[in-house]
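# Breakdown of the fold
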2 protein chains.
Amino acid sequence: MTTQGTPPMVDFRTSPARYRHWRLAVDGPVATLTMDVDEQGGLVPGYELKLNSYDLGVDIELYDAVQRLRFEHPGVAAVVITSGKDKVFCAGANIRMLAASSHPWKVNFCKFTNETRNGIEDATEHSGQAYIAALNGAASGGGYELALACGHIMLIDDRSSAVSLPELPLLGVLPGTGGLTRVTDKRHVRRDLADYFATRPEGVGGTRAVQWKLVDEAVPRAHFQDRVSERAVAAARASPRLSGGGPGVELTPLAKTRTDTAVAYTYVGAALDRSRGVAEITVLAPQTIPAVPAVNDLHALGDRFWTLAMTRELDDLILDLRTNEPEIGSWLLRARGDAGRVLAHDDLLLAHRGTDWLANEIVLYLKRTLKRLDVTSRSLIALIEPGSCFAGSLLELALAADRSYMLSGARQDAGPDAGPAAVTVGGMNTGPLPMGNGLTRLQTRFLGDPAALEAAEKRAGEPLHAAGAEQLGLVTFAPDDIDWAEEVRIAVEERASFSPDALTGLEANCRFAGPETTETKIFGRLTAWQNWIFARPNAAGPGGALRAYGTGKRADFDRKRV
Amino acid sequence: MTTQGTPPMVDFRTSPARYRHWRLAVDGPVATLTMDVDEQGGLVPGYELKLNSYDLGVDIELYDAVQRLRFEHPGVAAVVITSGKDKVFCAGANIRMLAASSHPWKVNFCKFTNETRNGIEDATEHSGQAYIAALNGAASGGGYELALACGHIMLIDDRSSAVSLPELPLLGVLPGTGGLTRVTDKRHVRRDLADYFATRPEGVGGTRAVQWKLVDEAVPRAHFQDRVSERAVAAARASPRLSGGGPGVELTPLAKTRTDTAVAYTYVGAALDRSRGVAEITVLAPQTIPAVPAVNDLHALGDRFWTLAMTRELDDLILDLRTNEPEIGSWLLRARGDAGRVLAHDDLLLAHRGTDWLANEIVLYLKRTLKRLDVTSRSLIALIEPGSCFAGSLLELALAADRSYMLSGARQDAGPDAGPAAVTVGGMNTGPLPMGNGLTRLQTRFLGDPAALEAAEKRAGEPLHAAGAEQLGLVTFAPDDIDWAEEVRIAVEERASFSPDALTGLEANCRFAGPETTETKIFGRLTAWQNWIFARPNAAGPGGALRAYGTGKRADFDRKRV
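Now for a look at the structure at hand. (Residues numbered from 1 in each chain as written. Chains lettered and ligands numbered in written order. Predicted model: local features only at pLDDT ≥ 70, side-chain atom pairs only at ≥ 80, totals over all residues. Heavy atoms only, no water.)

## Thoughts on the pairing of strand 2 (residues 30–35) of chain A
All names here are of chain A. Condition: The buried label applies to any residue whose accessible area, calculated with a 1.4 Å probe on protein chains only, is under 20% of its type's maximum; exposed applies above 50%, and partly exposed to all values in between. Think of it this way: any DSSP run of H or I at least four residues long counts as a helix, any run of E at least two long counts as a strand, and we number them from the N terminus. Note on pairing: DSSP must find at least two bridges between two strands before they are called paired.
Along strand 2, five of the six residues are buried, which leaves the element largely enclosed by surrounding structure. Here six bridges tie strand 1 (residues 22–27) to strand 2, and the two strands are oriented antiparallel to one another. Residue pairing across strands places A25 opposite T32, the latter belonging to strand 2. Hairpin connection of strand 1 to strand 2: two residues between the antiparallel strands, including G28 at a positive phi of 60 degrees.

This is the structure we're talking about:
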């Protein structure tokens, strides 16, 4: 993980029994997530995780806990995030880790932490799990940014505890885990106060933190625990969580085979071709058709239900490749199997998501995983061939791609019963899986062209062959079998020849046509500025602020404003 | 302008008689701006401006022309932008210039070109000057981006002319002058087609360019001139331009004194303190009160009317300091004089801007100049002292600032008739001067707090002293005379000690709380990504694509995706 060294292969799979940094306790409708970071438990050697500071390993556990709370604890309607340390909530991302990390590692780490915090907000908004940040001590930098993801922030009022964003004055970087955006756009802290706050390393506490809207309440130490409990119980009571406390669905360990050239799960697999810089990703359709309506089957199958199983696998694959395979710059996306089964699974979930907590959670998880794809800095190319099943939920993969190629007609060497490729618009494409910009991928695709959107949506349920799909604008190109191999090869080789940085910028702009939200501002505006700052000598250079921190030396800044 | 060398002092003042690269011709309601770049006319030595490529000097002339069309040619209702070269419209920003430029120079250059293109859209939308891009040959990169700023794009259809964004494949950078944003968000080119288009150096021409919405029409060479004329006449006829063709207002040469330590105009001045990294900017109120209503006076005074004169000076000062003084990182903003006179000028303009073209233009110009301040990468600190006149239009300076300090009470050593400082909300603060995000600076300030906004707007016309202004949230801090000097000194010194890059990022985020528009996306998302790419070795490093271009060598990319 140092700039020179080879990073370790990171595994995102964990479970509460293996946590080193968090404790998850459930008491009826209220869960408590206690951050108690093991100083010696850094993901890689070279730094100590003092003062509840975190690295990727700590955040992987948080992500796991937030996911399990949704699936394994349907009865939980409020979650308290607090610290197991005395007088400190969390000091944010570990600075020595950041200083020693390569640029790609830092950026990928920030992206994942951002996604987890967005997931907390998603649980609050859509799953009826209210998050309360119980800041029983100082919350600095990423520590305060974690609190900002919670719907209610309580700060202990003891004349020493404060919230702060000291990144700029101490480290010469931004509070890049959503901090700047959430302070102004979510909490509506006045922009000049936000400016002052973000330049003040000691932060703001007590009444002033409440007045400035940085926290919701400041509570004296003597009453803190009681008040937190009261708030949590009240939040749980007010929650619209669907479940009446029925049994949860266990997220059993993912079966995964990982070699240097392949990643394999049950429904998802990837072949890694390092020489071409390509991952060939294939998603398989379900092997069976569920009876409809059969919500009981859904609960009986639990995490073996195709949509949930496939989504977990895809999620893990995205995280794995993003973190462990930075040189694999293009992902080719294929879907194989029976489109009817995909649509049947979609329909079952859509029919019940308004009333059944599990159906709701599965759709939300699929939504979040597709959003992860949207912000992945890899070129995404969908290949739609005979035998594929880009329908409904899986069509979203093609719609998320930067480009799609659909084979027109049958393969020349195919047998007589091999039909041509088809794509099918389904209910999953017209609402339940919005992007970060608040629009569906179809709406984003047909931005400013409502007639084209309507024409595509009207054909829902109908398998569309290449000519029709191209004419409706659902695919980018539709070469026939004579041109297919050559055209795809050129596209993939060309992509590999371009500047990886410029591609990242291109994709980050084209994918987010249309409106901006807090979420897209975090990934677009804020992240892009942070990445720029990270790449500048004033932060990461030998005399930069990140390197100078803690050495007693002042950073040596190039004072030119850019 | 080379990375090593000292850039020349750039002067933004010019006039048509001095243009080397553009010709401005007016024929009744239709003006034609012909780009005919002098290859040997680069702003600095070291490159030739071949194929109508441009540098800052070329764009300074374009900016001047667009401004003069609005003020000096009120009868012009349609503007055709075309090229004086055969078979080439414009090849975009000059690549050798970019490759040789320092990072700050590139970023500042792109910012100015973006502002000029936004100004073209502003003229179209608010001044009834419709812009038509008549692409009589290839429009590449920045050449096509210039066309994208026009409301109607006509491409000659001769089987060789195309529009293209070749930055990514050829140079490893983005089409950063609004290209990527305007293609998807303004012209609604489908995102996958935009992706393909931006990777195809040869571009797209003819019918396909029309089908993909890249241009509005492709016209055979034989009919091109006639069709352009027809379109221009029709656009002029349809235009809601206010003036019936009355005489324009000449923008006479700005009187300016520039030394190493001071910039002085009539109403605006700046003292430059290099050791502290500070520009102390003072704006003076008008010396007289206009009779109200006196729209004739306005026309008689022309560019001597205070608001117009002050705005021109401020505009020039911003451009001068941004370009020539990158190490002066903090601008202290003061306003001095009679607030009543400021408000009287504001009221005159506001009373007539719906019916009088000149009043309208002056308000729009002030709006654009304040927007320029909003995207300026310098810390802006407003100092509101006794004798100041932060009222109405000048209050916008304080609202644009990252922070404001207002002296509470009188100076201890002041005479008996020296009153305390006051700020006054006026009509200019409640609508006519929106920021790029579409909100007024007051709305942005009180984002999500409509009660606070209403409370402040309700006090319009009333001089508010420090306690009241602070309580209403109109100023950040209100120290009294005992604390004033120390508090301001610390704020300024602190600011100078922080990472200039991190400050740029902080300010770019805090200033644009709230909604995003095409304009803020260009300056936020797109520019931030472009700056990041510019700073990466894959673009600007010794083996990067910008340096490799034209050498016959391939760029040597670090293939890690970030």
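## Remarks on the nonpolar core
It is characteristic of soluble globular proteins that their nonpolar side chains tend to be buried jointly. Using the following cut-off: Only buried Ala, Val, Leu, Ile, Met, Phe, Trp, Tyr and Cys residues count toward a nonpolar core, and they belong to the same one when joined by side-chain atoms within 4.5 Å. Note on definitions: a residue-residue contact is assigned when non-hydrogen atoms from the two residues lie within 4.5 Å.
Y144 and L474 of chain A together with Y144 of chain B are the most contacted members of the largest nonpolar core, which totals 327 residues. Sequence-distant contacts of Y144 of chain A, defined by excluding residues within four places in its chain, comprise A139, I153, V163, S164, L165, V183, R187, F197 and L214 of chain A.

## Brief notes about the sheet that holds strand 14 (residues 268–273) of chain B
Residues and elements named next belong to chain B. Put simply, the rule is: Note on geometry: axes are C-alpha line fits, over the in-contact stretch for helices, and angles between N-to-C directions span 0 to 180 degrees.
In space, the seven strands of this open sheet follow the order 12-13-14-15-16-17-19, with mixed pairing throughout. Of all the strands in the sheet, just strand 12 (257–258) and strand 19 (403–406) have a single pairing partner and so form its edges. Here strand 14 pairs with strand 15 (residues 278–284) via six bridges, running antiparallel. Bridge assignment links V268 to a residue of strand 15, and that residue is V283. Helix 18 (residues 481–497) rests against strand 15, strand 16 (330–336), strand 17 (379–384) and strand 19 of the sheet, and its axis sits at about 165 degrees to strand 19.

## Digging into the sheet that holds strand 14 (residues 268–273) of chain A
Residue and element names in this part refer to chain A. Ordered by their spatial adjacency, seven strands build an open sheet running 12-13-14-15-16-17-19, and the pairing between neighbours is mixed. Single-partner strands in this sheet number two, and they are strand 12 (257–258) and strand 19 (403–406). Across seven bridges, the pairing between strand 15 (residues 278–284) and strand 16 (residues 330–336) is parallel. In the strand pairing of strand 16, A279 is matched with W331.

## A word on the relation of the copies chain A and chain B
Definition in use: Alignment of copies: least-squares fit on C-alpha atoms of residues with pLDDT of at least 70 in both copies.
With an RMSD of 0.0 Å, the operation that places chain A on chain B is a rotation of 180 degrees combined with a shift of 0.0 Å along the axis. Put plainly, the chains are arranged around a two-fold axis. Of all interface residues in chain A, 100% are interface residues in chain B too; the two copies therefore contact each other through one and the same surface.

## Describing the state of the cysteines
Put simply, the test is: Disulfide assignment relies on a single distance test, namely cysteine sulfur atoms paired within 2.5 Å.
Applying the stated rule across the entire model yields zero disulfides over all chains. Left unpaired, C90 of chain A is separated from the closest cysteine sulfur, that of C150 of chain A, by 11 Å.

## Describing unusual backbone geometry
All names here are of chain A. Despite not being glycine, L51 shows a phi value in the positive range, around 55 degrees. Tracing the chain through its elements places L51 in the loop between strand 2 and strand 3 (53–54). For L51, a relative accessible area of 55% gives the class exposed. Positive phi is not limited to glycine here, since R159 has a value of about 65 degrees. Among the structural elements, R159 can be located in the loop between strand 9 (152–157) and strand 10 (163–164). Among the residues examined, R159 registers a relative accessible area of 85% and is labelled exposed.

## Here's the deal with the pattern of salt bridges
The criterion, for reference: Here, a salt bridge means any side-chain nitrogen of Lys or Arg that lies within 4 Å of a carboxyl oxygen of Asp or Glu.
For the structure shown, the criterion picks out 114 salt bridges over all chains. Close ionic contact of R200 of chain A with E202 of chain A constitutes a salt bridge, the shortest N to O distance being 3.6 Å. Ionic contacts of the salt-bridge type, sharing partners, join the residues R191, D195 and R561 of chain A together with D402, R403, R495, E507 and R511 of chain B into one network.

## Considerations on the interface of chain A and chain B
The test is simple: Computed with a 1.4 Å rolling probe, the buried area is the accessible surface lost when two parts are put together, summed over both parts. Any pair of N or O atoms that falls within 3.5 Å is considered a polar contact. Within protein, one atom must be able to donate a hydrogen and the other to accept it, and sequence-neighbouring residues count only if both atoms are side-chain atoms.
Counting from both sides, the interface comprises 89 residues of chain A and, opposite them, 89 residues of chain B. Across the interface of chain A and chain B, roughly 8,500 Å² is buried in total on both sides, 57% from carbon and sulfur atoms. Interface area lost by chain A to chain B is led by R191, R525 and R561 of chain A, which between them contribute 13%. Viewed at the interface, chain B and chain A are joined by 18 salt bridges. Here K213 of chain B ties to D449 of chain A by a salt bridge, and the two come within 3.2 Å at their closest N and O atoms. Scanning the region where chain A abuts chain B turns up 57 residue pairs in polar contact (both at pLDDT 80 or more).

These figures come from the coordinates and say nothing about function on their own.
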